[in-house]
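Working through the structure, step by step
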Amino acid sequence: MRIRLFHLLLIAVLSAGPAAGQDPAGRRDARPRVALVLSGGGARGFAHIGVLKVLDELRVPVDLVVGTSMGAVVGGLHATGMPYAMLESRFLEQDWVTVFRDRPDRRSIRLRQKRDDRELTLPFEVGLSDEGPRLPSSIIAGAHLTSLLEVHTWAATGTSDFDALPIPFRAVATDVQTGEAIVLGRGRLATAIRASMAVPAVFSPVVIDGRMLVDGGVVENLPLRVARELGADVSIVVDLSTGLGDLDESESILSISQRVLTIFMARNAEAQLRTLGEADVLIVPDLRGFSTADFGRLEEGIRKGEAAARSVSDRLRTLSVTDAEYRAIVEARGAVWQTVPIFVPDFVRVDTTTTALAPAVILSATRLRPHEAILVPDLADEAVHIMGYGGFQRVAIDLIDDDDEHGVVIRPEDKPWGPGLLRAGLTLTDRQRGDAAWELLVNYAHVRFSPGGAQVRANVRLGSVQGGGVEFYQPIDAAERAFATFEAGAMRRDVLLPTDTAGATNVEFADLVLRAGAGLRLGTWGELRGGLTRGILRVERPAQPGGGTVERIDAAGFYAELEIDHLDRIGFPRNGELLIVEARAGRKFLGGEQSFNRVGADALAFRSRGQHTLGVGAMMGTALGDVLPTTQRFSLGGLFRLTGMQPSALQGSYAGLGRVLYRYRLNRDDTGVHLGGSIEAGGAWPTLDAIHFRDVRLSASLFIGVDTPIGPLHLAYGFTRGIEPGWILRFGPVL
């Protein structure tokens, strides 16, 4: 057999001492076989990390780990030989709240999806197919969670037998069809962990060997039985099923689902606890008031587990080994984490069993190539890159390394409730002085229109802006470096326009626009596109003393757009940049009624340190020496765009805006409540000669923002020089 996999790693492991699953110096026969049994409990499972900390301090090596749900997460990572300090730091660095929102890292998704994020903020998705509408099998598909598990378990890549891990491991799941407990000891470690924590209706089930599996806590939350069947002499048992506390009416659906599951957990754990032997050690952290959904209380959970383990430290010390023995065991088990294993595949293959995309399209989304070395830890990142293409429920990457084959197999799985996906976005604005406005956007996307990656999209807008549109998107090459688009849309909206008497009046705009163009994809962060546009605009002015008017305007010309999106999130960005540059050129020779040139740019940048975030932005618009038609003018006004003014209160052929925004996050995770303020300065002018600094308006705001599960919410108090201040309530993105 040719040994091609982990050749550098193998040398390191052999030089470190005995095999990973064995103790040095024949200690296997000199001490009992110790099992660590970790129960489930959602966020309460953070207590397991504190228990591991005490075991590490007391030099207590475990020979077997069995876990359910969150216990399988902590136990599975520990079983890979990951040193305790590394395991703790990885948990502390991870934003667990956003993990369970199931949004992929925005840095890994393509611009078309990022654009959807900015408009389609409601976290609901419905599938449409030939069989009719279909709902996802759960609230959270778990794509983000699966990717995270793949990243943190790369050391198990190529190991299908969990007895061959540095510490033998078992995860417990539940078979939905039979209701029996399934003990997972083979396969893909990340997949087994993911199955063990698939809370019914919250996380999508996982299919393994034809069985549909959900959270193991449903039938066996405290898998002490499994540890005994695997030959454990002594079990260190961590039970998290007590002390749920009072139910809060404001608890989320995730919290309530976890609470119901925990009731089942407590009932089936009681039977297991009655079988504890005299040598077994029971650890019960005091988790009163600690919800199963308190993922923002990681450090507190660790401390509670640590305190509970220290309360039985005298019993744990009876299982200790000498310092030299413990160091040898830890170094042997953790050798895989001290090296960077390399794999050189002879082939890279795509299993298309569960995807409608062509292999060439999927391969274009990854850096994996035959005969090119890949760092094994980077395989999880490659799966994330493929997920960023969109339309997948999960992506797995397997290494094949045996006598016959040495390569990589990519296994993408399309969302089973597709291929048509229905999403929506909602914005609401209410002002103390001004009209309320709302807009509902419903978008349909057929993301698998052809194997080559073509997509068809359609949308409908209701509310203050009414209309709809369709788009056909066709990649020109498999890598989607270039693409062609055709768009058609109709829209009706009311716009506040200034009058000759220094007042303002509402004007109704209704337009029909056709666009045909092409573009270049700039990695995952941007697009450059352009083409031809043709439209018909109907302008209806209200009745005046001399009578109302209805005007039809034909428009035709060219357009060019550059869009760059590096923001890490939409509602309350912490880091990154957003740049949108648009150019329009109306031309009479193409059938338009007026020739004009229009160039606008809008830029935002955010940087954070700790709980503090600073944002700066600038906007400019120019007619390049001309005067723009009414329908093409730039506008200012609204939240963070001269906050104290009505939307579109300032309009002109030339415009400029500068703004600085500060936010303080009250809680340490990346969600929750924010306090902040902004300073803005800007103006709009009818002609180039009219631009003067004295016309610049100064605005400021103080606000409170809440990152709700269905989108961002702002309550601001806005000030603008010369205008009475007032309150603004805004639901939806404000970028």
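For the structure, check the block above.
Definitions and cut-offs
- Residues numbered from 1 in each chain as written.
- Predicted model: local features only at pLDDT ≥ 70, side-chain atom pairs only at ≥ 80, totals over all residues.
- Heavy atoms only, no water.
- Helix = DSSP H or I, 4+ residues; strand = E, 2+ residues; numbered from the N terminus.
- Buried < 20%, exposed > 50% of the residue type's maximum accessible area, 1.4 Å probe, protein only.
- Contact = heavy atoms within 4.5 Å.
- Core = buried A, V, L, I, M, F, W, Y, C linked by side-chain atoms within 4.5 Å.
- Salt bridge = Lys/Arg side-chain N within 4 Å of Asp/Glu carboxyl O.
- Pairing = 2+ DSSP bridges.
- Axes fitted to C-alpha atoms, helices over the stretch in contact; angles between N-to-C directions.
- Phe/Tyr/Trp six-rings, centres within 6.5 Å; stacked < 30°, edge-to-face > 60°.

1. So, the overall build of the protein
A count of helices and strands for the protein gives 15 helices and 33 strands. Out of the 735 residues in the protein, the part that is buried amounts to 51%. Within the protein, contacts between residues at least 6 apart in sequence are counted, and of these 65% link residues at least 24 apart.

2. Concerning the nonpolar core
Within the largest apolar cluster, 95 residues are counted, with the highest numbers of intra-cluster contacts made by Phe 91, Phe 169 and Ile 410. Residues contacting Phe 91, with those up to four places away along its chain left out, are Phe 46, Ile 49, Met 70, Val 73, Val 74, Leu 77, Trp 96 and Leu 298. Ranked by size, the runner-up nonpolar core spans 13 residues in total, among them Phe 596, Ala 623, Met 645 and Tyr 654.

3. Notes on helix 15 (residues 378–387)
Counted residue by residue, helix 15 has seven buried out of 10 residues, so it is predominantly covered. Within helix 15, the full set of buried residues consists of Leu 379, Ala 380, Glu 382, Ala 383, Val 384, Ile 386 and Met 387. In the core, the buried residues of helix 15 are packed alongside helix 7 (143–152), helix 14 (359–364), strand 13 (374–375), strand 14 (392–401) and strand 15 (406–414).

4. A few points about the pattern of salt bridges
Applying the stated rule across the entire model yields 51 salt bridges. Arg 211 is the salt-bridge partner of Glu 180, the closest N and O atoms lying 3.3 Å from each other. Residue Glu 180 is found in the loop between strand 5 (169–175) and strand 6 (181–184), and its partner Arg 211 is found in strand 8 (residues 211–215); the two are separated by 31 residues along the sequence. For Glu 180, a relative accessible area of 35% corresponds to the partly exposed category. Overall, Arg 211 belongs to the partly exposed group, its relative accessible area being 33%. One salt bridge in this structure joins Arg 492 and Glu 508, with 3.3 Å as the shortest N-O distance. One end of the pair, Arg 492, is in strand 20 (residues 482–498); the other, Glu 508, is in strand 21 (residues 504–522), with 16 residues separating them in the sequence.

5. Some points on the sheet that holds strand 14
Strand order in the open sheet formed by three strands is 12-15-14, and the pairing between neighbours is mixed. Pairing within the sheet leaves two strands with one partner each, and these edge strands are strand 12 (347–350) and strand 14. Put simply, the sheet's adjacent strands are angled 15° from each other on average, direction ignored. Inspection of the sheet shows strand 14 paired to strand 15 by nine bridges, in the antiparallel sense. Paired with Leu 399 across the strands is Val 408, a residue of strand 15.

6. With respect to the environment of Gly 600
Summarising the element assignment, Gly 600 is placed in strand 25 (residues 596–609). Gly 600 sits in the buried class, given a relative accessible area of 11%. For the pair Gly 600 and Ile 580, spaced 20 residues apart in sequence, the C-alpha to C-alpha distance is 8.2 Å. With sequence-adjacent residues up to four places away left out, Gly 600 is seen in contact with Ile 580, Val 581, Glu 582, Met 620, Gly 621 and Phe 634.

7. Considerations on the packing of aromatic side chains
Think of a pair of aromatic rings as described by two things: how far the centres are apart, and how the planes are tilted against each other in angle. A complete count under the given rule lists 10 aromatic pairs for this structure. The interplanar angle of 80° and the centroid separation of 6.4 Å between the aromatic rings of Phe 46 and Phe 91 together place this pair among those described as edge-to-face. With Phe 46 in the loop between strand 1 (34–38) and helix 2 (47–57) and Phe 91 in helix 4 (residues 84–93), this residue pair connects regions lying 45 residues apart in the sequence. Each member of the pair, Phe 46 as well as Phe 91, is classed as buried. Both rings, one in Phe 449 and one in Phe 472, keep their centres 6.0 Å apart while their planes meet at 80°; by these two values the pair is edge-to-face.

8. Observations concerning unusual backbone geometry
With an omega dihedral of 10°, the bond running from Gly 418 to Pro 419 counts as a cis peptide bond. Looking at the secondary structure, you find Pro 419 in the loop between strand 15 and strand 16 (420–431). With phi around 60°, Arg 59 is a residue other than glycine that occupies positive phi space. On the basis of relative accessible area, Arg 59 is assigned to the partly exposed category, the value being 29%. Even without being a glycine, Phe 640 presents a positive backbone phi close to 65°. Position of Phe 640 relative to the elements: it lies in the loop between strand 27 (634–636) and strand 28 (650–652).

9. Quick look at the environment of Asp 381
Tracing the chain through its elements places Asp 381 in helix 15. Sequence separation between Asp 381 and Glu 150 is 231 residues; the distance between their C-alpha atoms is 8.5 Å.

10. Description of the packing of helix 4 against helix 11 (residues 298–310)
Each pair of packed helices can be described by the angle between their axes along with the distance between the axes. Interaxial distance between helix 4 and helix 11 falls to 10 Å at its minimum, and their mutual angle equals 145°. Along the contact surface, helix 4 presents Glu 88, Phe 91 and Leu 92, while helix 11 presents Leu 298, Glu 299 and Ile 302.

11. Things to note about the pairing of strand 33 (residues 723–731)
Note that strand 16 and strand 33 share four bridges and pair antiparallel. Looking at the pairing, Asp 430 lines up with Leu 729 of strand 33. Summarising the sheet, strand 32 (residues 711–720) and strand 33 pair through seven bridges and their orientation is antiparallel. Note on strand 33: the bridge partner recorded for His 714 is Arg 730. Counting the residues in the hairpin turn of strand 32 and strand 33 gives two residues, including Gly 722, whose phi is positive at 90°.

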